[in-house]
Amino acid sequence: MKTVTEKSMHPKNSIEKINRTLPKKVNILMVDDHPENLLALEAVLNSPNYHLVSANSGKEALKCMLKQDFAVILLDVQMPGLNGFETAKLIKAREKTRHIPIIFITAISQDIEHVHKGYSVGAIDYIFKPFHTETLKQKIEQFVKIQQNHEENIIQTDREYTVELNEVNKKLDRTKLN
């Protein structure tokens, strides 16, 4: 009888557990059709703790999301092709990505209807250009902390289930031997 205890002791599984617990850079997706805006965001958010990923369209952003996970998305509203609202709808429609916080950063009208539309498609914040750099940095830091706490909770829950499963397997092994 092969138990979960034996399986969890496999070297590959041990390495995966170690990799999950090591601190790693947090992925942040920045989406804007103007390269100068992406450069400005990169300059503001540059940190050894972040891996900044740039996309210059909604379509490119969606492709990036298929390849990696993100802690937060900074999304321009006014873009050719898929605009920010349409991109956000598609992000929120997908099970794997619906939990990712979206912050709209835009230079378009500050009319309340645009802000409401942003929130209605899943944004958690709506920032107008020109933005205050320190405020943006602090918001991103907080969303990153939330994401890291969420991941830590998942790891802790996983550990607890593993311990519980190992105990059950030991009882089963003892029962089978008797």
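What you see is a predicted model; the values in this text were computed from it and never measured.

Q: Tell me about the pattern of salt bridges, residues and numbers included.
A: Within the structure shown, the criterion is met by 6 salt bridges. Between Lys-137 and Glu-134 there is a salt bridge whose closest N-O contact spans 3.7 Å. Remark: Glu-134 and Lys-137 occur in helix α7 (residues 133–177); sequence separation between them is 3 residues, near one turn of the helix. What emerges from the salt-bridge pattern is a single network uniting Asp-32, Asp-76 and Lys-129.

Q: Describe in detail helix α5 (residues 84–93), supporting the description with residues and values.
A: Listed as buried for α5 are Gly-84, Phe-85, Thr-87, Ala-88, Ile-91 and Lys-92. The arc enclosing the buried residues of α5, seen along the axis, measures out at 160°, which places them on a common side. Residues of α5 that are exposed and point over 90 degrees away from its buried face: Lys-89 and Ala-93. Structurally, α5 contributes buried residues whose contacts are with α4 (58–67), β3 (72–76), β4 (102–106), α6 (112–120) and β5 (123–128). For α5, the capping residue at the N-terminal end is Asn-83, with a side-chain oxygen 2.9 Å from the backbone nitrogen of Phe-85.

Q: Which residues make up the nonpolar core, and what values do they have?
A: Core analysis: the largest hydrophobic core is formed by 23 residues, its most contacted members being Leu-29, Val-31, Ile-73, Leu-75 and Phe-104. In this structure Val-31 touches Leu-38, Ala-55, Ser-57, Gly-58, Ala-61, Ile-73, Leu-74, Leu-75, Asp-76 and Met-79, once residues within four positions along its chain are discounted. Grouped together as the second largest cluster of nonpolar side chains are 19 residues, Met-30, Val-44, Phe-143 and Val-144 included.

Q: Which residues make up the pairing of β3, and what values go with them?
A: Judged by how many residues are buried, β3 sits mostly within the fold: 5 of 5 residues are covered. Residues Val-72, Leu-74 and Asp-76 line one face of β3 and the alternating positions Ile-73 and Leu-75 line the opposite face, and both faces are buried. Two strands pair when backbone bridges link them, and strand β1 (residues 26–31) and β3 are joined in this way by 4 bridges, in the parallel orientation. Bridged to Val-31 within β3 is Leu-75. Pairing between β3 and β4: 4 bridges, direction parallel. Opposite Leu-74, over in β4, you have Ile-103 as the bridge partner. What joins β3 to β4 is α5, and the crossover it makes is right-handed.

The rules we used
Residues numbered from 1 in each chain as written. Predicted model: local features only at pLDDT ≥ 70, side-chain atom pairs only at ≥ 80, totals over all residues. Heavy atoms only, no water. Salt bridge = Lys/Arg side-chain N within 4 Å of Asp/Glu carboxyl O. Helix = DSSP H or I, 4+ residues; strand = E, 2+ residues; numbered from the N terminus. Buried < 20%, exposed > 50% of the residue type's maximum accessible area, 1.4 Å probe, protein only. Arc of directions from axis to C-beta. Contact = heavy atoms within 4.5 Å. Polar contact = N/O pair within 3.5 Å; in protein donor to acceptor, adjacent residues only side chain to side chain. Core = buried A, V, L, I, M, F, W, Y, C linked by side-chain atoms within 4.5 Å. Pairing = 2+ DSSP bridges. Right-handed = clockwise from strand over helix to strand, strands pointing away.

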